[in-house]
Amino acid sequence: MEEIYADTIVGINFNNGVIKMILANQDLENVLLEDNNNSGEVKMKSNRVINMSLPGFLYSVSVIESLLKDPQMIKTIEAYKKAGIIKE
């Protein structure tokens with residue numbers, strides 16, 4: 001089984017019963033090439049697309065909703081907020 005890592009989803013589209021999620025990571029190549037990168041803006045670069053049926057997508061949403069209610073996940077999110085890693 002192939003593992004895929006992504007920093008975020010930069011796009012999502014629904015067409016003809018299929019959800020298309022465009023994944024992205026930080027564009028490190030351009031960060032290293034730019035002389036003056038003081039903007040604080042993180043540039044993302046699309047790298048993969050996930051295509052999923054509507055029933056599969058809806059099931060995954062229910063799994064994510066359950067995960068967000070998990071006490072350990074709540075504790076971790078709060079710690080990330082406190083550290084400034086994610087915004088309120």
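All figures in this text were calculated on a predicted structure; none of them were measured in a lab.

## Some thoughts on the pattern of salt bridges
Part 1 of the argument: For the coordinates displayed, the defined rule picks out two salt bridges.
Part 2 of the argument: The partner of Glu-78 in a salt bridge is Lys-81, and the shortest N-O contact between them spans 3.7 Å. Residue Glu-78 and its partner Lys-81 are both found in helix H3 (residues 71-83); the two are separated by three residues, about one turn of the helix.
Part 3 of the argument: The partly exposed category is assigned to Glu-78, whose relative accessible area is 44%.

## Some points on the environment of Ile-86
Part 1 of the argument: Examined against the element boundaries, Ile-86 turns out to sit in the segment after H3.
Part 2 of the argument: If we skip the residues at most four places from it in the chain, Ile-86 touches Ile-77, Tyr-80 and Lys-81.

## Things to note about the side chain of Asn-25
Part 1 of the argument: On the secondary structure map, Asn-25 appears in strand E2 (residues 18-26).
Part 2 of the argument: In this structure the side chain of Asn-25 is engaged in a polar contact, spanning 2.9 Å, whose partner is the backbone nitrogen of Asp-7.
Part 3 of the argument: Excluding residues within four positions of it along the chain, Asn-25 makes contact with Tyr-5, Ala-6, Asp-7, Lys-43, Met-44, Lys-45 and Asn-47.

## Let's talk about the side chain of Asp-27
Part 1 of the argument: Within the secondary structure, Asp-27 sits in the loop between E2 and helix H1 (28-33).
Part 2 of the argument: No salt bridge is formed by the buried Asp-27. Its closest oppositely charged neighbour is Lys-45, at 4.6 Å.
Part 3 of the argument: Excluding residues that lie within four positions of it along the chain, Asp-27 makes contacts with Lys-43, Met-44 and Lys-45.

## Some remarks on the sheet that holds strand E1 (residues 8-15)
Part 1 of the argument: In space, the three strands of this open sheet follow the order E1-E2-E3, with antiparallel pairing throughout. The sheet is open, and its two borders are formed by E1 and strand E3 (44-53), each paired with just one other strand. Along the sheet, successive strands turn relative to each other by an average axial angle of 20 degrees, direction set aside.
Part 2 of the argument: Where E1 lies against E2, seven bridges are found, and the strand directions are antiparallel. By the bridge assignment for E2, Ile-9 is matched with Leu-23.
Part 3 of the argument: Sheet strands touched by helix H2 (residues 54-69): E1, E2 and E3. Its angle to E3, the strand with the most contacts, is close to 110 degrees.

Cut-offs used in this document
Residues numbered from 1 in each chain as written. Predicted model: local features only at pLDDT ≥ 70, side-chain atom pairs only at ≥ 80, totals over all residues. Heavy atoms only, no water. Salt bridge = Lys/Arg side-chain N within 4 Å of Asp/Glu carboxyl O. Helix = DSSP H or I, 4+ residues; strand = E, 2+ residues; numbered from the N terminus. Buried < 20%, exposed > 50% of the residue type's maximum accessible area, 1.4 Å probe, protein only. Contact = heavy atoms within 4.5 Å. Polar contact = N/O pair within 3.5 Å; in protein donor to acceptor, adjacent residues only side chain to side chain. Lys, Arg positive; Asp, Glu negative; His and termini not counted. Pairing = 2+ DSSP bridges. Axes fitted to C-alpha atoms, helices over the stretch in contact; angles between N-to-C directions.

That's the geometry; what it means functionally is another story.
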